[in-house]
2 protein chains.
Amino acid sequence: MSSFPESVQKLIDRFAKFPGIGKKTAQRMAFQVMKSDNLQAAELAESIVNVKSKVKFCTLCGGITEIDPCHICTDPKRIQNVICVVEDAQDIFIFERTASYRGVYHVLGGILSPLDGIGPDKLNLNKLIDRVKDGTEVILATNPSVEGDATALYINKLFEGKNIKITRLARGIPIGSVLEYTDEATLARALEARTEL
Amino acid sequence: MSSFPESVQKLIDRFAKFPGIGKKTAQRMAFQVMKSDNLQAAELAESIVNVKSKVKFCTLCGGITEIDPCHICTDPKRIQNVICVVEDAQDIFIFERTASYRGVYHVLGGILSPLDGIGPDKLNLNKLIDRVKDGTEVILATNPSVEGDATALYINKLFEGKNIKITRLARGIPIGSVLEYTDEATLARALEARTEL
């Protein structure tokens, strides 16, 4: 039985390490690299190296940026005492895309997950405590999962008794969805948190 | 609204150009590159460049290889006068994985598709005509699509009247499938080409 040439197999293996990329997709990608012209392949390789060399984590919020501190942390138009706490640097872009949030961010770099050995010491919490001043609003925007909720509760406890407003993203029925296909937990939550018209 | 840092956006755009890679997957991949250590990113970049520089197309069969002619064309144990004609270089590996084919290959580099402007002149046909000697068997292994079938018929005509055996992959019910979910065209073909037990 014949296999791929060594250099092709190596590239396939490396593509297959990406999350969401299976063996077949990795193969198709490697073949695409082979078929592309030299310039395109060189540009892709260069982009990968560039991202590693140019992109750093903002020392204030932990977001990804080419300039430190990032342009969100240094933007005078952003409300600096409203801090949206997210799990991952990617999450910042999800909120930015809504174009409706004017505060700043704080990246935890993970969520509490005792089974995976991730305790509070592994999260970027000390810097959050430093950043949170009297009168700050902390929006807990962890994912609506068990670990996300546990992390939110933990952070809530950290600031207990202080003059700090802790809020959480609303839970309810997603816009554009159909009641019929909404899961029971979400529907129960939506009922519970019903708002007056 | 804020967007990704420039170098990240570039990498996302380049990943998104791959077939089967959507915007979201490309984003996840770019973030993965950022999170990986420098060595891993450098290795990936190197692999891409390596594939382009080391891998060539075999001058005999058109398959991909690091040594020209490829090890299949030069393998004395392979039957050199049974040529399996495939659309793409990738297809060779699909047949090799079955470990049951002992002949050689010929890559067309595409299929006839008048709507896309791909005529016989765009396919690697002249070399095939050169390779096919008296008594050769040509196995037409194009995909079971309209274009694949048209290409097979075209090649069949090329060798008409010569002492060349032209065969085609059997059509029928895939092994492990369920009759209930087999499409009508396949089932009709399977009935028509039924074999005696």
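This text gives an overview of the structure that appears in the document.

Each value, and the rule that gives it
Residues numbered from 1 in each chain as written. Chains lettered and ligands numbered in written order. Predicted model: local features only at pLDDT ≥ 70, side-chain atom pairs only at ≥ 80, totals over all residues. Heavy atoms only, no water. Salt bridge = Lys/Arg side-chain N within 4 Å of Asp/Glu carboxyl O. Helix = DSSP H or I, 4+ residues; strand = E, 2+ residues; numbered from the N terminus. Buried < 20%, exposed > 50% of the residue type's maximum accessible area, 1.4 Å probe, protein only. Least-squares fit on C-alpha atoms with pLDDT ≥ 70 in both. Contact = heavy atoms within 4.5 Å. Phe/Tyr/Trp six-rings, centres within 6.5 Å; stacked < 30°, edge-to-face > 60°. Pairing = 2+ DSSP bridges. Axes fitted to C-alpha atoms, helices over the stretch in contact; angles between N-to-C directions. Core = buried A, V, L, I, M, F, W, Y, C linked by side-chain atoms within 4.5 Å. 1 Å grid on protein atoms, 1.4 Å probe; cavity = no way out; pocket = protein on both sides within 12 Å on 5 of 7 lines; lining within 4 Å. Points joined across faces, edges and corners; volume = space filled by probe spheres on them. Nonpolar A, V, L, I, M, F, W, Y, C, P; charged D, E, K, R; others polar. Buried area = accessible area lost by both parts, 1.4 Å probe. Polar contact = N/O pair within 3.5 Å; in protein donor to acceptor, adjacent residues only side chain to side chain. Expected span 1.5 Å × (residues − 1). Arc of directions from axis to C-beta.

## Brief notes about the pattern of salt bridges
- Per the stated rule, a full pass over the model turns up twelve salt bridges over all chains.
- Here A:Glu43 ties to B:Arg14 by a salt bridge, and the two come within 3.6 Å at their closest N and O atoms. Here A:Glu43, found in helix α3 (residues 38-54), pairs with B:Arg14, found in helix α1 (residues 6-16), and the two come from separate chains.
- Note on B:Arg14: relative accessible area 19%, which makes it buried.
- In this structure, A:Asp88 and B:Lys35 form a salt bridge, with 3.7 Å as the shortest nitrogen-oxygen distance. Placement of the pair is A:Asp88 in the loop between β3 (79-86) and α4 (89-98) and B:Lys35 in helix α2 (residues 23-35), with the two residues belonging to separate chains.
- By relative accessible area, which is 27% here, A:Asp88 ends up partly exposed.
- Taking the relative accessible area as the measure of exposure, B:Lys35 reaches 47% and is therefore partly exposed.
- Taken together, the salt bridges that share partners define one network made up of A:Asp149, A:Arg168 and A:Arg171.

## As for the relation of the copies chain B and chain A
- With an RMSD of 0.1 Å, the fit of chain B onto chain A corresponds to turning through 180 degrees and sliding 0.0 Å along the axis. Such a combination of rotation and displacement between the chain copies is what one expects of a two-fold axis. Closest approach to the rotation axis among the C-alpha atoms of chain B is made by B:Ala45, whose C-alpha sits 2.1 Å away.
- A shared binding surface is used by both copies, with 100% of the interface residues of chain B retained as interface residues in chain A.

## Considerations on the packing of aromatic side chains
- The full count for this structure, using the stated rule, is twelve aromatic pairs over all chains.
- Each member of the aromatic cluster is reached from another via a ring pair, and the members are A:Phe4, A:Phe31 and B:Phe93.

## So, the sheet that holds β3(A)
All names here are of chain A.
- If you trace the four strands from one edge of the open sheet to the other, you get β4-β3-β5-β6, paired in parallel fashion. Only two strands of the sheet have a single partner each, and these edge strands are β4 (103-107) and β6 (165-168). The average undirected angle you get between the axes of adjacent strands in this sheet is 25 degrees.
- Alignment of β3 against β4, held across five bridges, turns out to be parallel. Counted as the bridge partner of Val-85 is His-106 from β4.

## Considerations on the nonpolar core
- Counting residues in each nonpolar core, the largest one holds 74 residues, and the members touching the most others are A:Phe15, A:Ile48, B:Phe15 and B:Ile48.
- Among residues more than four places away in sequence, those in contact with A:Ile48 are B:Leu11, B:Phe15, B:Val33, B:Ala41, B:Leu44, B:Ala45 and B:Ile48.
- Among the nonpolar cores identified, the runner-up in size contains 30 residues, and B:Ile92, B:Val132, B:Val138 and B:Ile139 belong to it.

## What about the layout of surface pockets?
- In this structure, the largest pocket spans a volume of roughly 500 Å³.
- Along its surface, the largest pocket is lined by 18 residues, and A:Asn143, A:Pro144, A:Leu169, A:Ala170 and A:Arg171 are the ones closest to its centre.
- Residue assignment for the lining of the largest pocket shows that the elements contributing at least two residues are α4 and α7 (184-192) of chain A.
- With four residues, the top contributor of residues to the lining of the largest pocket is α4(A).
- Taken together, the residues of the lining of the largest pocket sort by class into nine nonpolar, five polar and four charged.
- Here the second largest pocket is characterised by a volume of approximately 290 Å³.
- Looking at the lining of the second largest pocket, the element that brings in the most residues is helix α4 (residues 89-98) of chain B, giving four residues.
- Among the residues making up the lining of the second largest pocket, the classes are represented as eight nonpolar, four polar and three charged.

## Concerning the interface of chain B and chain A
- Counting residues at the interface gives 53 residues for chain B, matched by 53 residues for chain A.
- Overall, the association of chain B and chain A removes approximately 5000 Å² of surface from exposure, summing both partners, and the carbon and sulfur fraction of that is 69%.
- Broken down residue by residue, the surface that chain B buries against chain A is led by B:Phe18, B:Ile48 and B:Lys52, which jointly contribute 13%.
- Here chain B is connected to chain A by 13 residue pairs in polar contact (both at pLDDT 80 or more).
- Only α1, α2, α3 (38-54), β2 (64-65) and α4 of chain B provide two or more residues apiece to the side of chain B that touches chain A.
- Class assignment of the residues belonging to the side of chain B that touches chain A gives a composition of 25 nonpolar, 14 polar and 14 charged.

## What to know about the sheet that holds strand β3 (residues 79-86) of chain B
Residues and elements named next belong to chain B.
- In spatial order, the strands read β4-β3-β5-β6; together these four strands make up an open sheet with parallel pairing. A single partner strand is all that each edge strand has here, and the edge strands are β4 (103-107) and β6 (165-168). On average, each strand axis in the sheet is tilted by 25 degrees relative to the strand beside it, whichever way the strands run.
- Running over the sheet, α4 touches β3 and β4 and is turned about 155 degrees from β4.

## A short note on α3(A)
- For α3(A), with 17 residues, the first-to-last C-alpha span of 23 Å sits near the 24 Å given by 1.5 Å per residue.
- Taken together, the buried positions of α3(A) are A:Ala41, A:Leu44, A:Ala45, A:Ser47, A:Ile48, A:Val51 and A:Lys52. Down the axis, α3(A) shows its buried residues gathered within 145 degrees of arc, on one side only. Structural note: α3(A) exposes A:Asn38, A:Leu39 and A:Ser53 on the side pointing more than 90 degrees away from its buried face.
- Looking at the buried side of α3(A), the elements it contacts are α2 (23-35) of chain A together with α1, α2 and α3 of chain B.

## Digging into the environment of A:Ser113
Residues and elements named next belong to chain A.
- Turning to its location among the elements, Ser-113 is positioned in the loop between β4 and α5 (126-131).
- Under the relative-accessibility criterion, Ser-113 is labelled buried at 7%.
- Through-space distance from the C-alpha of Ser-113 to that of Glu-147 is 6.1 Å; in sequence the pair is 34 residues apart.
- Excluding anything up to four places from it in sequence, Ser-113 contacts Ile-118 and Glu-147.

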